[in-house]
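Close look at the chain arrangement
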Amino acid sequence: MKKKEVAHIRKQFKLDHDLMNIYDILNVYIMKESNEIYHWERQPFALVDREKQELHMGNFKKLLTGELDQKLFELKFLEEAEEPTKVLLHQALVTGDADEWQDLMLLLVEKMLADAKYERDTVVTFVRGQYFRPTKDRNEEAEETGKDELFAHPFILSSVNSTEQQRKTLLFDYVEREFKYNVIVDPIIKLSSPEQGFFYPSVTDNHSDVNRILYCTGKANEPNQHFISEVLNAERSVTAQEERAIFEDIVKEVAGEQLDTAVLANVYEEIHRVIETTEKEEEPPTLDYTDVERMLTVSGVENVTKEKVERAFQTIVDDKNYEMKASSVIPKFNSKSIKIDTKIATISVSPQDLKHVKQVNYQGRRCILIEVDEDVVIEGFTLNTETL
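Residues numbered from 1 in each chain as written. Predicted model: local features only at pLDDT ≥ 70, side-chain atom pairs only at ≥ 80, totals over all residues. Heavy atoms only, no water.

Re the overall build of the protein chain
Broken down by element type, the protein chain carries 9 helices and 20 strands. Taken along the three principal axes of its C-alpha coordinates, the protein chain extends 75 × 60 × 55 Å. For the protein chain, the proportion of its 388 residues judged to be buried stands at 39%. Across the protein chain, every contact between residues at least 6 apart in sequence was considered, and the portion connecting residues at least 24 apart equals 65%. For the protein chain, the accessible area works out to roughly 23,500 Å², and carbon and sulfur atoms hold 47% of it. Each charge sign in the protein chain was given a centre, from 49 positive and 74 negative side chains, and these centres are 4 Å apart. (Helix = DSSP H or I, 4+ residues; strand = E, 2+ residues; numbered from the N terminus. Buried < 20%, exposed > 50% of the residue type's maximum accessible area, 1.4 Å probe, protein only. Contact = heavy atoms within 4.5 Å. Areas by Shrake-Rupley, 256 points an atom, 1.4 Å probe, with all protein chains shown as cover. Lys, Arg positive; Asp, Glu negative; His and termini not counted. Charge placed at Lys NZ, Arg CZ, Asp CG, Glu CD.)

Notes on the environment of Leu108
Topologically, Leu108 is positioned in helix α4 (residues 98-113). A relative accessible area of 0% means that Leu108 is categorised as buried. The spacing of Leu108 and Phe313 is 205 residues in sequence and 39 Å in space, taken between C-alpha atoms.

Thoughts on the packing of helix α7 (residues 261-277) against helix α8 (residues 289-298)
With their axes 9 Å apart at the nearest point, α7 and α8 run at an angle of 130 degrees to one another. Classed by the angle they form, the pair α7 and α8 counts as oblique. The way α7 lies across α8 gives a crossing that is right-handed. Side by side, α7 and α8 meet where Val267, Glu270, Ile271 and Val274 of the first sit next to Arg294, Met295, Leu296 and Val298 of the second. (Axes fitted to C-alpha atoms, helices over the stretch in contact; angles between N-to-C directions. Parallel < 35°, antiparallel > 145°, perpendicular 65-115°, else oblique. Left-handed = near helix turned anticlockwise from the far one by under 90°.)

Structure, rendered in structure tokens:
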């Protein structure tokens, strides 16, 4: 699944959108004390108060917001599951019976409650519907547009939201002209910050892929592995943070602990070039040991051999044929995503500008040297330029 495919789906979640229909919504309230379903309610989404519809739409868009492999994870279903969620979800996807869909979703909630303990009262929300996607891009010169022919994509979305108790407040009663102590026992459902959820089916090359599911987590690089394996029956996810750590360890194993910033900048540029040249392909580009060997060699790392990189892969991940997603191992290329932390200051720089930063020895002290094209201004004062 690509970033632009997620973005297209997320954009449809707005009221009165002509490319999105939501048929039913099911809300399930779980009590933390008993870890059981306290109440559930299903109704056609069109009959929900408009104010509530807006809150739910905001929740769904928030759920689908974030970077792939950080907050959004496209997962394959495990084939060996005893009671596979894949079958349950596919049956719920194709049924036209709202009662059957509801019963299947309640079965899924039972799987969520099987061996998990919730710290707070929790609400699980399910919606079913379909969105439409043009079969072709818009042609500005032609009279027809991409919207003249559409593919319908049925879907199921689920969001898990915790609750919190309202704060005790002091109110002033205008009629009685007195101050009152206000206690509201009804909990607030935190729709603005979903904890996790999923969108099924996933999308591959603009087509629904029933063999995969898009899992969403509220905290970056912190997917709920228990939910993924035991509830969704999907493969374990590897976060971008984990893959970047693997890549860094492999490079250290091959090139040593210390690298020149120009060399590191060259490595990032090579990875970025791979991502750009394969942008239109169905699957995101990956890097194996041969790719890493080539990148380190052309970037200026000395004494790099295919055998040395292969051994590094075997040492770090215990699999010489392991492949990493290229987008996961590189910081955001066009933003100041690299942080250089020192006791004196924190410097932010983009991967492509890293070559302009060096660590030098000046009069017996380690210093950071930054090449700039313009005068440096601090608090309105232009700094003097010293010649070393």
